[in-house]
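Listed here are the chains, written in short residue letters.
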Amino acid sequence: MRLIEVNDVKTRAAFHAVPRRIYSDNPVWIPHLKQDIDKIFDPGQNRLFKKGGVAKRWIVQDEDGQWAGRIAAFVSPKYSGGMKQPTGGIGFFESTDDDAVAQLLFEAAEAWLQEQGMEAVDGPINFGEKDQYWGLLVKDFTSLPSYALNYNPEYYRRFFDAHGYQVYYEQYIFSREVDLGIQEVFERKRAQVESRGTMKVITAKDLTEDQLAAHFCTVYNNAWGGHHGFAKMPLKQAKRTVKALKPVMDPDIIFFVMDGDDPIAFYVNIPELNQIFRHVDGNLNAIGKLKFLYHKWRGASDIMVGLVFGIDRNYHGQGIDGYLIDIAGKLIQEKGRYKSTTLTWIGDFNPKMIRIAENLGTERTRTYVTLRKFFDPEVEFQRMPIAK
């Protein structure tokens, strides 16, 4: 076997080729877009490089000359900065069901991270935001994978366990059918909020692109900004996020609660893009873009994905969750465009959001885990703290 660093056109192509061997007989698997992955490791496109981030990738070639595995390791000061121990990451791991291949990859990645001064490693994670490529799938290997979420064979857990990784936190995906009735508790909360006379729900249809970005930034920062791993979002980043979402956005399923002129909660959904991207075979080149536009036009997506649901911390416990859920749910039902909804992952460190998801009548469908390993085995392992 040969361990090869990814550093040129040929090895970058091989990095993309590895999953095609792993999943060649798996009808569920949908390849990540080549362009999305390339962007993550391009210093010209991933701003983490400009903020001191570094990354390295490897592939493994087996005795028959076939690509048998891959891994990436990275250090992001943004991610590691608030940790007790300097913590790097590994991700984009793929391997044949061969312990020797996995061992070669893990050892290379961990040795490089220690050379960078890291004392711990989390994985499999993204060299970027937490809403994409984050966590190891450990439950439900037969459902359609959501866009930009990891999918992996069940045997990958064995590799991580064998190399001393422990569960730092669990991540849950919740789903429900759209035509299910809204629970009575939400109707009561809606009536309670409406009695105040200052609240209203609007959609992205009512906003300019700049207003949408500003509202998103305000709610995000007031809901999470400052909690570990969720740094304050600058307005420029919010504008980039909205610009990136614009080609796939359905403004009818992006909701904000306004208290007068102030945004105080949001519920952001998009169509399930993998129902469209399954037709482009992992490459959004010129032909892939035409296929994407065609299948988007024909309404290939009848699943919507809840990307984020958040409430300004100053409004917690005031029934805003029920108010927003009741109004949004009924508006979505009236449109009749979507059959089901999937909520993006919620960590077990966030019991408040889990309760909201469960109160929606959802079913916990998929489970991921984010794993951590200390390079010094004497360090006491602790799980991710519960969010307050």
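Above this text is the structure in question.
Residues numbered from 1 in each chain as written. Predicted model: local features only at pLDDT ≥ 70, side-chain atom pairs only at ≥ 80, totals over all residues. Heavy atoms only, no water.

K.L.:
Can you walk me through helix α11 (residues 320–335) in this structure?
P.N.:
Three- or four-residue spacings in an α-helix give side chains the same orientation, since the helix completes a turn every 3.6 residues. Between the first and last C-alpha of α11 there are 23 Å, a value that for 16 residues agrees with the 22 Å anticipated at 1.5 Å per step. Contacts from the buried residues of α11 go to α6 (184–194), β8 (199–203), β9 (254–259), β10 (262–271), β11 (303–311) and α12 (351–359). Directly after α11, the chain includes G336, whose backbone phi takes a positive value near 65 degrees. (Helix = DSSP H or I, 4+ residues; strand = E, 2+ residues; numbered from the N terminus. Expected span 1.5 Å × (residues − 1). Contact = heavy atoms within 4.5 Å.)

K.L.:
Would you take a moment to explain the packing of aromatic side chains for this structure?
P.N.:
Aromatic ring pairs are reported here in terms of the distance separating the ring centres and the angle at which the planes meet. Taken as a whole and judged by the stated rule, the model has 33 aromatic pairs. Seen from their ring centres, F15 and F41 are 6.2 Å apart, and the 75 degrees between their planes marks the pair as edge-to-face. A residue pair is termed long-range when its members are at least 10 positions apart, and F15 in helix α1 (residues 9–22) and F41 in the loop between α2 (34–40) and β2 (54–61) qualify at 26 residues. An identical accessibility class is assigned to F15 and F41; each is buried. Consider the rings of Y155 and F159, whose centres lie 5.7 Å apart with planes at 80 degrees: the pair is edge-to-face. Taken together, the ring pairs in this structure connect F93, F106, Y155, Y156, F159, F160 and Y165 into an aromatic cluster. Stacked on the ring of F15, the Lys or Arg R57 has its end atom at 4.6 Å from the ring centre. (Phe/Tyr/Trp six-rings, centres within 6.5 Å; stacked < 30°, edge-to-face > 60°. Buried < 20%, exposed > 50% of the residue type's maximum accessible area, 1.4 Å probe, protein only. Lys NZ or Arg CZ within 6 Å of the ring centre and 35° of its normal.)

K.L.:
Hey, could you run me through the side chain of N221 in this one?
P.N.:
Here N221 shows up in helix α7 (residues 209–223). Engagement of the side chain of N221 in a polar contact is seen with the backbone nitrogen of M233, the distance being 2.6 Å. Excluding anything up to four places from it in sequence, N221 contacts A231, K232, M233 and R313. (Polar contact = N/O pair within 3.5 Å; in protein donor to acceptor, adjacent residues only side chain to side chain.)

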